[in-house]
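Now for the letters of each chain:
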Amino acid sequence: EDVNLVAHFINTESINESCVNDFLLYPNPATDFIIIRVFEETDVMIYDLMGKIILKKTLTLEDNNIDVSNILNGTYIIAVDGNFKRIVINR
């Protein structure tokens, strides 16, 4: 059956990145490390799905890598400035 799709695009060049209430996280799924793009010194926490803090680290513009090689395979939640994303660790 034929389906018509409509896409609406907006120009985001004028948005100041430091005002965006989201963060960039990669790679996902992760193996040994993750990178979180931050715009200022920021506390990051990784939680398991039961809400237990697995890791806490302060990231800076120069140091935005997190070593996850000691974290067991699974799905976790990353919190950055009140924003949350799901991360999968899979080796």
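To be clear, the structure that these remarks concern was listed above.
Report follows, based on the coordinates. None of the values given here were measured: they were computed from a predicted structure. (Residues numbered from 1 in each chain as written. Predicted model: local features only at pLDDT ≥ 70, side-chain atom pairs only at ≥ 80, totals over all residues. Heavy atoms only, no water.)

Below, the discussion takes up the pattern of salt bridges. Taken as a whole, this structure holds two salt bridges when the rule is applied. Asp32 is paired through a salt bridge with Arg91; the nearest N and O atoms lie 3.7 Å apart. With Asp32 in the loop between β1 (24-26) and β2 (33-37) and Arg91 in the segment after β7 (83-89), this residue pair connects regions lying 59 residues apart in the sequence. Overall, the relative accessible area of 44% leaves Arg91 in the partly exposed class. A salt bridge links Lys57 to Asp63; the shortest N-O distance between them is 3.4 Å. (Salt bridge = Lys/Arg side-chain N within 4 Å of Asp/Glu carboxyl O. Helix = DSSP H or I, 4+ residues; strand = E, 2+ residues; numbered from the N terminus. Buried < 20%, exposed > 50% of the residue type's maximum accessible area, 1.4 Å probe, protein only.)

Once that is clear, we can look at the sheet that holds β7. Read from one edge to the other, the open sheet built from four strands follows the order β4-β3-β6-β7, with strand pairing classed as antiparallel. Looking at strand neighbours, the two that pair on one side only are β4 (53-59) and β7, the edges of this open sheet. When strand polarity is set aside, the average angle formed by the axes of neighbouring strands in this sheet is 25°. Bridging between strand β3 (residues 42-47) and β4 involves six bridges; their strand directions are antiparallel. Residue pairing for β4: Val44 is matched across the bridge by Lys57. (Pairing = 2+ DSSP bridges. Axes fitted to C-alpha atoms, helices over the stretch in contact; angles between N-to-C directions.)

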